[in-house]
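Below, each chain spelled out in residue letters.
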Amino acid sequence: MAGNSEHLSTGVIKVQAKDVKKIYPTSRGDVVALNGFQLDIKENEFICVVGPSGCGKSTILNIMAGLEKPTSGEVLVDGKSVNGPGAERGVVFQQYALFPWLTVKKNVEFGLHLKKLPKEEIGRISDHYIKMVELQDFKNAYPKELSGGMKQRVAIARAYAMNPSLLLLDEPFGALDAQTRTQLQTELLNTWETERKTCFFITHDVEEAVILAQRVIIMSARPGRIKEIVDVDIPYPRTQETKLTRRFGEIKNHVWSEVYNEYLEQRK
Amino acid sequence: MLKKKVEFDWSGWLYGLISLGAAIALWMIISHTEAHVVFATPAEVWKAFLEGLLSGKLLLHIWASLRRSLSGFILAFVCALPVAFVMGWYRPVRLLLEHWVKFVKSIPPISYITLIIVAMGVGEAAKVTVIFIGSFLVMVINIYQGVRNVDNTLIKAAHVLGAGDISIFFKVVIPASLPYVMVAARLGLASSLTTLVAAELTGAQMGLGQMIQEASMYFKMDIVLMGILIIGIVGTVLDRAICLLERRLTAWQETRSI
């Protein structure tokens, strides 16, 4: 399965998860959220993670983001061990996490001000990314005036504005309606092809995973570990029409049945 | 952008007028029964009001009361802000102070007025201190709840955008708690007025509470009623003022319907 090799232009390892284990102590004993999670992500790669709820998908993302610490093992980004959050790793949350007291423009500029960039540059960068997500007409609006899809576009623009080399997306389209979701998928794919950032995308939507990713990681639950890695050998640019092709259907069905089996296992 | 045109709210005003008219009518009916001994008629109260106004005494009473309650309130607000933020942000400080704040808050200020008067005398300082304590505790509790309620996702979002603890405190925690600060200010102001009257009843040269106290000794019920109404009006006006400020400062809030 070498259909995507042209996109893995460098082949350099971007992220290395080494035997990551995460245990949450609870009143009813320890819960092993992740055990022996091992993964290499190449530069510019688009990875999607699917799996039943409670399989530790968000845990591994939070560890990569530096928001949580692994119980054992480590995550290396560009060869350096992750130890706390950093601006080179952008995160997009399912709940948008926009600052409600700031306008769209000020939200996008939040991290840029912390970087202490010159004013003109901050303005130029935020204009560029607000244009990228097509919200020029709303740059002075507050989040409460925006729809869910628009809010998530702002969050994506805010993450991109920091120019991260790795983008971590935690079910970013999970709260959106089907139409908005497909629209944002297309936009994200376009952005990925122009901006060339490594993407680690968590979703519970199998179709979404297959249309976006070069590799789909299927997780198994309790303790969370990788069950299977599926190469999606469908060339880019992918569009919504890609979903109608036979190959897409085959891969989607395969991933779907694996996830479903995992779900049945979990219920036993 | 997206600004809705504010239309004049006819029905709101109409019902407001009906409600006011009904209240005055009810007052008139009551004051024309045997209850008149206690309840002066609207006309008598109005006359007492005009007399007080013309002699200049009423304004002096209002000013004395306003100055006391506002200085107690403003002092309390200025002190409550840092204390509440530090309590919300640092666990050890919270653990040390929380129970005491809640304990003292559960004591009505009227019950320790005597203690403070014995300690500080009957002057202004004692009254302002009582008002300060009550108002301060109410505001600390509310602001600190706001700090504790800051959405954790926002803190995470700021973290991944490169914010350190200090930036998060000033750029996320403080603005996110602003709605609670405004609510706290309203409650603190209400508390300061409540305590004010209690403090003035214990003895003062001037002030609305003192005016009521004195009038009741001579059974001038028109002045008593007038004083009560003025306290209500002053409280309402101050509350509306904070409300307006709140609407300006926290217009970004999701739940606020304009």
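Each remark here, short or long, concerns the structure printed above.
To keep things clear, this report deals only with the structure shown in the data block.

Conventions we followed
- Residues numbered from 1 in each chain as written.
- Chains lettered and ligands numbered in written order.
- Predicted model: local features only at pLDDT ≥ 70, side-chain atom pairs only at ≥ 80, totals over all residues.
- Helix = DSSP H or I, 4+ residues; strand = E, 2+ residues; numbered from the N terminus.
- Buried ≥ 20, exposed ≤ 12 C-beta atoms within 10 Å, placed from the backbone.
- Contact = placed C-beta atoms within 7 Å.
- Rg over C-alpha atoms; globule rule 2.2 N^0.38 Å.
- Pairing = 2+ DSSP bridges.
- Axes fitted to C-alpha atoms, helices over the stretch in contact; angles between N-to-C directions.
- Parallel < 35°, antiparallel > 145°, perpendicular 65-115°, else oblique.
- Left-handed = near helix turned anticlockwise from the far one by under 90°.
- Core = buried A, V, L, I, M, F, W, Y, C linked by C-beta atoms within 7 Å.

What follows deals with the overall build of chain B. Counting secondary structure elements, chain B contains 10 helices and zero strands. Its C-alpha atoms give chain B principal-axis dimensions of about 70 × 55 × 30 Å. In chain B, which comprises 258 residues, the proportion classed as buried is 33%. Partitioning the contacts of chain B with sequence separation of at least 6, the portion at a separation of at least 24 is 73%.

To continue, consider the overall build of chain A. The secondary structure content of chain A amounts to seven helices and 10 strands. Here the C-alpha atoms of chain A give a radius of gyration of 18 Å, agreeing with the 18 Å that 2.2 N^0.38 yields for 268 residues. Its C-alpha atoms put chain A at 55 × 45 × 35 Å along the principal axes. In chain A, which comprises 268 residues, the proportion classed as buried is 43%. Contacts in chain A between residues at least 24 apart in sequence constitute 73% of all its contacts with a sequence separation of at least 6.

To continue, consider the sheet that holds strand S9 (residues 215-220) of chain A. All names here are of chain A. Spatially, six strands are ordered S6-S7-S8-S3-S9-S10 in an open sheet, and the strand pairing comes out mixed. The sheet is open, and its two edges are formed by strand S6 (89-92) and strand S10 (225-231), each paired on a single side. Averaged over neighbouring strand pairs, the angle between their axes works out to 20° when direction is ignored. Helix H4 (residues 148-161) rests against S6 and strand S7 (166-170) of the sheet, and its axis sits at about 175° to S6.

Residues and elements named next belong to chain A. Here the residue pair Tyr236 and Pro237 is connected by a cis peptide bond, since its omega of -5° sits within 30 degrees of zero. Positive phi, normally seen in glycine, also occurs at Asp19, with a value near 45°. Here Asp19 shows up in strand S1 (residues 13-26). Of note in this structure, Tyr96 is not a glycine but carries a positive phi near 65°. Mapped onto the elements, Tyr96 comes out in the loop between S6 and helix H2 (104-114). Residue classification places Tyr96 among the buried positions, given that 23 C-beta atoms sit within 10 Å.

This paragraph deals with the pairing of strand S2 (residues 29-42) of chain A. Pairing of S1 of chain A with S2 of chain A involves 10 bridges; the strand directions are antiparallel. Bridge pairing in S2 of chain A places Gln16 of chain A opposite Asp40 of chain A.

What follows is about helix H9 (residues 208-217) of chain B. Residue and element names in this part refer to chain B. What H9 keeps buried is the set Leu208, Gly209, Gln210, Met211 and Ile212. Contacts from the buried residues of H9 go to helix H3 (57-89), helix H8 (165-201) and helix H10 (221-249). In the stretch just after H9, Phe219 is the one whose phi turns positive, near 60°.

Attention now moves to the interface of chain B and chain A. As a measure of interface size, the accessible area lost when the parts come together is often cited. Facing the 17 residues of chain B at the interface are 23 residues of chain A. For the side of chain B that touches chain A, the elements supplying multiple residues, two or more each, are helix H7 (152-160) and H8 of chain B. With six residues, H7 of chain B is the largest single contributor of residues to the side of chain B that touches chain A.

Residue and element names in this part refer to chain B. In contact at an axis separation of 10 Å, H7 and H8 are set at 150° when each is read in the N-to-C sense. The angle between the axes of H7 and H8 places the two elements in the roughly antiparallel class. Classified by chirality, the crossing of H8 by H7 is right-handed. For the pair H7 and H8, contact is made by Leu154, Ile155, Ala158 and His159 and by Ser167, Ile168, Lys171, Val172 and Ala176, respectively.

Attention now moves to the sheet that holds S1 of chain A. One key point about sheets: their strands pair by backbone hydrogen bonds, in either a parallel or an antiparallel sense. Residue and element names in this part refer to chain A. Pairing is antiparallel in the open sheet, where four strands are placed in the order S2-S1-S4-S5. Of all the strands in the sheet, just S2 and strand S5 (80-81) have a single pairing partner and so form its edges. Each of S1, S2 and strand S4 (72-77) is contacted by helix H1 (residues 57-65), which is oriented at about 120° to S1, the strand it contacts most.

A separate point is the nonpolar core. Core analysis: the largest hydrophobic core is formed by 82 residues, its most contacted members being Ile47, Cys48, Met64, Ala213, Val216 and Val255 of chain A. Counting residues per element, this core draws most heavily on H4 of chain A, which supplies eight residues. In this view, Ile47 of chain A contacts Ile41, Cys199, Phe200, Phe201, Ala213, Arg215 and Ile217 of chain A; residues no more than four positions away in its chain are not counted. Residues Ala48, Phe136, Ala199 and Ile212 of chain B belong to the second largest nonpolar core, which totals 46 residues.

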